[in-house]
Amino acid sequence: RIGEHFTIQAIVGYAMLKGPGEHEEALEYGFDFGYTFSRRDLQLPGIESITPMFEIAGEIATDGEDSGHSNIVGNAAVRINLKTFHGLQPRLGIGYVFPLNSEAREDFRWGIVTSLVFEF
């Protein structure tokens with residue numbers, strides 16, 4: 001968190017998929033940027049906060065015939081945290097996902113991601 005509203009998050013990890021006839025390994029990474037508007041800023045009924053976000057996520061294949069290939073995608077999203085109801089706080093998310101490099105464009109053109117989380 002930088003200041004009262006702006007957040008940055010970075011992630012890096014190594015993913016392995018192993019199974020009958022399958023074996024894939026990749027280095028995964030990502031960066032998230034968000035700016036949170038609190039209830040105090042927006043004064044919307046039933047909403048605790050709204051966070052517009054932008055994410056860059058990628059993976060680099062580290063084995064097999066795809067070794068060295070990299071997919072990079074972007075995600076323009078918003079997360080809405082609703083007021084707590086009987087000890088549960090619903091969190092809604094929706095984002096527009098799009099490819100950022102030619103290898104990702106070979107996999108898809110665009111997409112929509114959603115999330116519904118109940119925090120207690």
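Structure first, text after, so check above.
Just so we're clear, the structure is a prediction, and the values are computed from it rather than from any experiment.

Asks: How do you make sense of the overall build of the chain when you look at a structure like this?
Replies: Along the chain, the regular secondary structure elements total 2 helices and 7 strands. In the chain, the succession of helices and strands from N to C terminus is β-β-β-α-β-β-β-α-β. Here the C-alpha atoms of the chain give a radius of gyration of 18 Å, more than 25% beyond the 14 Å that 2.2 N^0.38 yields for 120 residues. Overall, the C-alpha framework of the chain stretches about 55 × 30 × 25 Å when taken along its three principal axes. Expressed as a percentage of the 120 residues in the chain, the buried residues total 25%. Taking the contacts inside the chain whose residues are at least 6 apart along the sequence as the reference set, 45% of them involve residues at least 24 apart. For the chain, the exposed surface amounts to about 8,400 Å²; the carbon and sulfur share of it is 59%. Positive and negative side-chain charges of the chain, numbering 9 and 17 respectively, have mean locations separated by a distance of 16 Å.

Asks: Explanation requested: the environment of Leu 44 in the structure shown.
Replies: Mapped onto the fold, Leu 44 is located in the loop between helix H1 (39-42) and strand S4 (47-61). Here Leu 44 falls in the partly exposed class, since its relative accessible area comes to 35%. Not counting chain neighbours up to four residues away, the residues in contact with Leu 44 comprise Arg 39 and Ile 50.

Conventions adopted
- Residues numbered from 1 in each chain as written.
- Predicted model: local features only at pLDDT ≥ 70, side-chain atom pairs only at ≥ 80, totals over all residues.
- Heavy atoms only, no water.
- Helix = DSSP H or I, 4+ residues; strand = E, 2+ residues; numbered from the N terminus.
- Rg over C-alpha atoms; globule rule 2.2 N^0.38 Å.
- Buried < 20%, exposed > 50% of the residue type's maximum accessible area, 1.4 Å probe, protein only.
- Contact = heavy atoms within 4.5 Å.
- Areas by Shrake-Rupley, 256 points an atom, 1.4 Å probe, with all protein chains shown as cover.
- Lys, Arg positive; Asp, Glu negative; His and termini not counted.
- Charge placed at Lys NZ, Arg CZ, Asp CG, Glu CD.

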